[in-house]
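Listed here are the chains, written in short residue letters.
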There are 2 protein chains.
Amino acid sequence: MGRVAISLARRYYSGGGVALTADRYPWVTRAPHLSRIEDKHVAAFERLLGPSGVITEEEQLDGYNTDWLKMVRGQSKVVLRPKTVEEVSAVMRSCSEGKLAVCPQGGNTGLVGGSVPVFDEIVLSMSLMNNIIKVDPVGGNVWCEAGCVLEAVNTHLEKFGLMMPYDLGAKGSCQVGGNVSTCAGGLRLVRYGSLNANLLGVQAVLANGDILDCMSGHRKDNTGYHLRQLFLGAEGTLGIVTGAVISCPTLPTSVSLACLGLDDFSKVLTTLRTSKRILCETLSSCEVMDDTCMDAVANKLGLKPPLGSHKFYMLVETHASNPQHDGDKMDAFLQELLACGDVEDGTVASEPSKMNALWQIRERITEALSRDGYLYKYDLSLPHEKFYEIVHVMRNRLRGVKAAKTVSGFGHVGDGNLHLNVEADAFDQEILEMCEPFIFDWTQKNGGSISAEHGIGFKKAKFMGKYAATGKASLSTMRAIKTALDPNGILNPYKVLPPA
Amino acid sequence: MGRVAISLARRYYSGGGVALTADRYPWVTRAPHLSRIEDKHVAAFERLLGPSGVITEEEQLDGYNTDWLKMVRGQSKVVLRPKTVEEVSAVMRSCSEGKLAVCPQGGNTGLVGGSVPVFDEIVLSMSLMNNIIKVDPVGGNVWCEAGCVLEAVNTHLEKFGLMMPYDLGAKGSCQVGGNVSTCAGGLRLVRYGSLNANLLGVQAVLANGDILDCMSGHRKDNTGYHLRQLFLGAEGTLGIVTGAVISCPTLPTSVSLACLGLDDFSKVLTTLRTSKRILCETLSSCEVMDDTCMDAVANKLGLKPPLGSHKFYMLVETHASNPQHDGDKMDAFLQELLACGDVEDGTVASEPSKMNALWQIRERITEALSRDGYLYKYDLSLPHEKFYEIVHVMRNRLRGVKAAKTVSGFGHVGDGNLHLNVEADAFDQEILEMCEPFIFDWTQKNGGSISAEHGIGFKKAKFMGKYAATGKASLSTMRAIKTALDPNGILNPYKVLPPA
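Residues numbered from 1 in each chain as written. Chains lettered and ligands numbered in written order. Predicted model: local features only at pLDDT ≥ 70, side-chain atom pairs only at ≥ 80, totals over all residues. Heavy atoms only, no water.

Quick notes on the interface of chain A and chain B
Interface size is commonly expressed as the accessible surface area that is lost when the partners come together. Facing the 76 residues of chain A at the interface are 76 residues of chain B. Sorting the residues of chain A by area buried against chain B places A:K220, A:N222 and A:Y225 first, and these three jointly supply 16% of that buried surface. The tally of links from chain A across to chain B stands at four salt bridges. One salt bridge connects A:K220 with B:E453, and the closest N-O pair in it is separated by 2.9 Å. Where chain A touches chain B, the interface holds 38 residue pairs in polar contact (both at pLDDT 80 or more). The set of elements that each furnish at least two residues to the side of chain A that touches chain B consists of α7 (189-192), α8 (195-198), β8 (211-214), α9 (227-230), α10 (265-278), α12 (323-340), α18 (464-468) and α19 (472-485) of chain A. In terms of residue count, α19(A) provides more of the side of chain A that touches chain B than any other element does, 10 residues in total. In terms of residue class, the side of chain A that touches chain B is built from 31 nonpolar, 28 polar and 17 charged. (Contact = heavy atoms within 4.5 Å. Buried area = accessible area lost by both parts, 1.4 Å probe. Salt bridge = Lys/Arg side-chain N within 4 Å of Asp/Glu carboxyl O. Polar contact = N/O pair within 3.5 Å; in protein donor to acceptor, adjacent residues only side chain to side chain. Helix = DSSP H or I, 4+ residues; strand = E, 2+ residues; numbered from the N terminus. Nonpolar A, V, L, I, M, F, W, Y, C, P; charged D, E, K, R; others polar.)

Have a look at this one:
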């Protein structure tokens, strides 16, 4: 599904996208100490990787230079496709000596411009490093290379009765290395936890080409600093993630999915609390979307709405080991919801095809909203009592702005993570200025985070100092770590940290 | 209970302990660039903290200079007891200017000599920073100061229907800051995950006195590097942890605990797999102990064995939300175990007093084994198929060594974490040399970790390069981070990283 969504979006954007280039970002200039790539470098890379490992043809470069949402278009002249960690090491050693900047790229499904070059950085595509190394069925771990596609790993794990601990809309394209580098969250974090919990090992190539091997994969390992955690959310700025060990939960033998219609956001929150209390250890997902999202999916993608018209819809899923117990708990949950009047209507599915149809609605919201124009997307962590307020605030704020078509909200209410969307016919500078930094200011004032799961990338880097790593110690500590690990700043420059 | 265990052990050791001092560790010398404390420093600290915040009396210093297992005795002349993060900041600013080394200390229940000075480092006791700041019952988070005692936080959380996500034998004394600094594991990691999963925020004072505030406590926050994770397992060498935000699971409404007797370790492993399959999402603990451990607890502490005599005993616990479902699953589990013949005998408890009696047996093993002499303790992560083999190996190896009384194993089999013990009448150099580095070599050769949850501290620091941070990139990366954050090396020196 993820793959379909992304290829659809790509088609759309290559027709009408805005393809912003660096001149749209006047606050960033190309780092003068970084070398420009020359023929001699290309020849050296071809010696290292073979001719098939080096792409320089203009038309092939385009996809690597442009991010999914067409917010950034880089000007890289070279894409490298290493097949082994040793090749990555040799590339980085060469880049370190030559002061050549590198932009690592996985499935290129990120939403903050982190995986494409800003200027002429070399693209290091991880797609050919896609071996699943091994599975430990007793411990429940998988070892894999960074270029493995999430869905492919998950399919492989099913043979062992295991599953990946996270699930993303982009699963058909996104890669494990990118998931690690962005600390991907997704749909089932409420149950299985973040990658901070589930990343048991990392292999990474450092700026100087050294291979950092933390792949033992013990569930408990307190031998010094937890280096693997350093690469979560670092977006390739501290090292090139080449492999990972992931802790994998047991595949559930019983899955149920309720779709609920509610007419008030306060009832979404009480339903969340009820789901935690009654479904408890079986609760695997608790999602919300508003009517604007449902309308977009129904009208633009032709997906059939599962319920009549409501202000809000929730998807509440259970993963359980005993079908009888699972059914009993879900019944008790629904009875309580109907008794207290929080929910207007609902439907429960346990057949895969019906559950899949419900999940399609949730997973294809971004595709639907971005189908006929440009989509401004914000990914906020907010206290529960403030979760949906920003949608109303932005609707009021954009009321007089004609180019703004809709403002909508959906997301992982169980984790306090809202995806806020502003839909426009095309990119519009006025809307951008109405949104930024206003949304970040509002989020900060209300105790939220300006990036819950999408990361900082290029797009939000300039806001880091003011809205994220607040207090001089946070930013200076991040800079100290960056300098310690990448003294020449060749790893994914212009990303994560704000310009000095 | 933890408090009782520790105070008993303290009493024993202050009579007959060995109280090793730095002259026992000839490979470490006092860092010559660090200043020695003078009267002017003490006077300055008294101005900062008031006279009650500064301890210099010889007899009061002893407890702060000596670790629980009496493996290290430092020679600190000053203990500081700050009450606020601002006071910690002022202390560190002063220490940074004066190049004075600091050893942060929580409950001082660590097992690797990490929380006591090695030479004359200033002890920074966190005990007076023990405020529980707030609880968010919807999100399920607690904000607390570093000096909060684990059991006190847990008791407070019960009022909100929440619990701490980890449980340790030392819960009556150990502090949250120490738990963070050692990435404490404990009895329920198999269900609730490690502190990598559950630490949502940290406040720390850096070497230069800057306050690093990452206390927002969002479940998802990808705004730059995950700095909070840096303090997990850093044992105070990168900063003084002064506060934490912990994610807290819902208190179970139904708890069951099975005690099983088994005659073969391979059956322990099949029972682990069966427990994961049948108890699945309700499994909260899966522990094992051998007959030597059971005998020690029975004979030395007078605790009544719950079953007849077996080679191995397992404790398998469930945390569930529905008593009927919990009982059904536990019944199905026991029926399968009896049917397949893996388990010889068993008993199930669900009344708190009976469960507590069973847990006492498990939690007091170390106390029992160390009651009549010196205990060599090793804390290993091992692949399941190798988990218990090292106990046999060490029994053979120590057969001719008279001073060695018993070799035993117990631990968190669900997490692959073995606690290996060698009991002796008193500290004996020959036994030490038979154990180290042999056990570390064996562990490394068999794909294990030489520190699962106890950390590196002072005792294992010299082994880091060879057995833990292997490959030059691991150790050099750790050193680069240490240098970046603590350029003068004043934070808990001689710990975690090996001597240069």
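Here the narrative resumes.
Notes on the pairing of strand β3 (residues 102-105) of chain B
All names here are of chain B. Here β3 shows two buried faces, one formed by V102 and P104 and the other by C103 and Q105. As paired strands, β3 and strand β4 (residues 122-125) are joined by four bridges and run parallel to one another. Of the residues in β4, the one forming a bridge with Q105 is S125. (Buried < 20%, exposed > 50% of the residue type's maximum accessible area, 1.4 Å probe, protein only. Pairing = 2+ DSSP bridges.)

Description of the sheet that holds strand β7 (residues 199-205) of chain A
Residues and elements named next belong to chain A. The strand order across the open sheet built from five strands is β5-β6-β9-β7-β8, with neighbouring strands paired in antiparallel fashion. Looking along the sheet, the strands with just one partner apiece sit at the ends: β5 (132-136) and β8. Looking at each pair of strands side by side, their axes are set apart by 10° on average, direction ignored. Where helix α5 (residues 150-158) meets the sheet, it contacts β5 and β6 (141-145), and its direction lies at approximately 40° from that of β5. (Axes fitted to C-alpha atoms, helices over the stretch in contact; angles between N-to-C directions.)

Observations regarding the UniProt feature "domain: FAD-binding PCMH-type" (unreviewed entry) in chain A
Mapped onto this numbering, the UniProt entry annotates "domain: FAD-binding PCMH-type" (unreviewed entry) at residues 71-251 of chain A. As annotated, residues 71-251 of chain A comprises 23% helix and 22% strand, and the C-alpha atoms at either end are separated by 37 Å. (UniProt positions renumbered as here; feature names shortened; annotations may be inferred.)

Focus on the packing of aromatic side chains
Inspection of every chain in the model, using the stated rule, returns 24 aromatic pairs over all chains. Summarising the aromatic geometry, the rings of B:F119 and B:Y494 are spaced 5.0 Å apart at their centres and angled 75° between planes, so their arrangement reads as edge-to-face. Here the residue B:F119 occupies a position in the loop between β3 and β4, and B:Y494 occupies one in the segment after α19 (472-485), the gap between them amounting to 375 residues. Ring-pair connections join several aromatic residues into one group, and the members of that group are A:F265, A:F312, A:F387 and A:Y388. Looking at B:K134, its charged tip hangs above the ring of B:W143, at a distance of 4.3 Å from the centre. (Phe/Tyr/Trp six-rings, centres within 6.5 Å; stacked < 30°, edge-to-face > 60°. Lys NZ or Arg CZ within 6 Å of the ring centre and 35° of its normal.)

A closer look at the packing of helix α15 (residues 389-397) of chain A against helix α17 (residues 438-445) of chain A
Residue and element names in this part refer to chain A. α17 packs onto α15 with a crossing angle of 145° between their chain directions and a minimal axis gap of 12 Å. Classified by chirality, the crossing of α17 by α15 is right-handed. Here α15 contributes E389, I390, V393, M394 and R397 to the contact with α17, which in turn contributes F438, I439 and W442. Tallied by class, residues from the contact of α15 with α17 come to six nonpolar, no polar and two charged. (Left-handed = near helix turned anticlockwise from the far one by under 90°.)

Some remarks on the pattern of salt bridges
Residue and element names in this part refer to chain A. By the definition in use, this model includes 44 salt bridges over all chains. The salt bridge involving E436 is made with K459; its shortest N-O contact spans 3.6 Å. Here K459 lies in the loop between α17 and α18 and E436 lies in the loop between α16 (429-435) and α17, a separation of 23 residues in the sequence. K459 carries the same exposure label as E436, and that label is buried. Taken together, the salt bridges that share partners define one network made up of D167, K171, R188, E317 and E363.

Notes on the side chain of A:T66
Here A:T66 is to be found in the loop between α3 (58-65) and β2 (79-80). Side chain to side chain, A:T66 and A:R73 meet in a polar contact 3.1 Å long.

Observations concerning the sheet that holds strand β10 (residues 254-262) of chain A
Residues and elements named next belong to chain A. The antiparallel open sheet is built from seven strands, whose spatial order is β13-β10-β12-β11-β15-β16-β14. Strand pairing shows two members of the sheet lacking a second neighbour, β13 (345-349) and β14 (374-381), which therefore form its edges. Averaged over all adjacent pairs, the angle separating strand axes in this sheet is 15°, with direction ignored. With eight bridges connecting them, strand β15 (residues 404-412) and strand β16 (residues 417-424) associate as antiparallel partners.

Considerations on the confidence of the model for chain A
Residue and element names in this part refer to chain A. For chain A, per-residue confidence averages 93 on the pLDDT scale, and 95% of positions sit at 70 or higher. Low confidence marks residues 1-17, where pLDDT is under 50. Its contacts with residues over four positions away, or in another chain, come to 36 contacts. Across the assembled chains, the prediction reports ipTM 0.93 with pTM 0.94. (pLDDT = per-residue confidence, 0-100.)

Brief notes about the relation of the copies chain A and chain B
For the pair chain A and chain B, the relating rotation is 180°, the translation along its axis is 0.0 Å, and the fit reaches an RMSD of 0.0 Å. In short, the pair behaves as if placed about a two-fold rotation axis. No C-alpha of chain A lies nearer the rotation axis than that of A:A197, which sits 1.9 Å from it. Both copies share a contact surface, since 100% of the interface residues of chain A are interface residues in chain B too. (Least-squares fit on C-alpha atoms with pLDDT ≥ 70 in both.)

Notes on the side chain of A:S256
All names here are of chain A. Relative to the helices and strands, S256 resides in strand β10. What makes S256 buried here is its relative accessible area of 7%. Separated by 3.0 Å, the side chains of S256 and D326 make a polar contact. In contact with S256, other than residues within four places in its own chain, are V316, E317, T318, D326, M330, A349, S350 and M355.

Comments concerning helix α11 (residues 291-301) of chain B
All names here are of chain B. Of all the positions in α11, only T292, C293, M294, A296, V297, A298 and L301 are classed as buried. If you follow the buried residues of α11, they end up packed against β11 (283-290), β12 (312-320), α13 (352-363), α14 (365-369), α15 (389-397) and β15 (404-412). Where α11 starts, the residue carrying a side-chain oxygen 3.2 Å from the main-chain nitrogen of T292 turns out to be D290. The positive-phi residue at the C-terminal boundary of α11 is G302, with phi of around 75°.

Considering the environment of A:N108
By the secondary structure assignment, A:N108 is in the loop between β3 (102-105) and β4 (122-125). Among the polar contacts made by the side chain of A:N108, one reaches the main-chain carbonyl oxygen of A:T66 at a distance of 3.0 Å.

Re unusual backbone geometry
Residue and element names in this part refer to chain A. The omega angle of the peptide bond from E436 to P437 is 5°, so this bond is cis rather than trans. Tracing the chain through its elements places P437 in the loop between α16 and α17. Its identity as a non-glycine residue notwithstanding, C183 has a phi of 50°, on the positive side. Along the polypeptide, C183 turns up in the loop between α6 (176-182) and α7.

Brief notes about the packing of α19(A) against α19(B)
Packed helices, taken two at a time, are described by their axes: the angle between them and the distance between them. Across the interface, α19(A) lies against α19(B) with an axial gap of 9 Å and an inter-helix angle of 140°. As the angle between them shows, α19(A) and α19(B) are arranged oblique. Note that α19(A) runs across α19(B); the crossing there is right-handed. Of the residues in α19(B), those touching α19(A) at A:T477, A:A480, A:I481, A:A484 and A:L485 are B:T477, B:A480, B:I481, B:A484 and B:L485. (Parallel < 35°, antiparallel > 145°, perpendicular 65-115°, else oblique.)

A word on the pairing of β15(B)
All names here are of chain B. Burial within β15 is extensive, with seven of its nine residues counted as buried. Relative to β15, β11 runs antiparallel, the two sharing two bridges. Across the sheet, M289 pairs through a bridge with F410, a residue of β15. Connecting β15 to the next strand, strand β16 (residues 417-424), in antiparallel fashion are four residues, including G416 with a positive phi near 70°.

Concerning helix α10 (residues 265-278) of chain B
Residue and element names in this part refer to chain B. With 14 residues, α10 extends 20 Å between its outermost C-alpha atoms, agreeing within 8% with the 20 Å of an ideal straight helix rising 1.5 Å per residue. When we look at burial in α10, the residues that qualify are F265, V268, L269, T271, L272, T274, S275 and I278. In this fold, the buried residues of α10 make contact with β10 (254-262), β11, β12 and α12 (323-340). With a side-chain oxygen positioned 2.8 Å from the backbone nitrogen of S266, the residue opening α10 is D264. Looking one or two residues beyond α10, the residue adopting positive phi is C280, at roughly 45°. (Expected span 1.5 Å × (residues − 1).)

Examining the environment of B:I361
All names here are of chain B. Note on placement: I361 falls in helix α13. When the C-alpha positions of I361 and G341 are compared, they lie 25 Å apart, and in sequence the two are 20 residues distant. Non-local contacts of I361, meaning those with residues more than four positions away in its chain, are made with M289, M294, V297, L303, K304 and P306.

Points about the nonpolar core
Residues A:M164, A:L260, A:V413, A:L420 and B:M164 are the most contacted members of the largest nonpolar core, which totals 180 residues. Setting aside residues up to four positions removed in sequence, A:M164 forms contacts with A:V142, A:L150, A:V153, A:N154, A:L157, A:V176, A:I246, A:C248 and A:P249. In this structure, B:A31, B:V42, B:Y374 and B:L382 belong to the second largest nonpolar core, which totals 87 residues. (Core = buried A, V, L, I, M, F, W, Y, C linked by side-chain atoms within 4.5 Å.)

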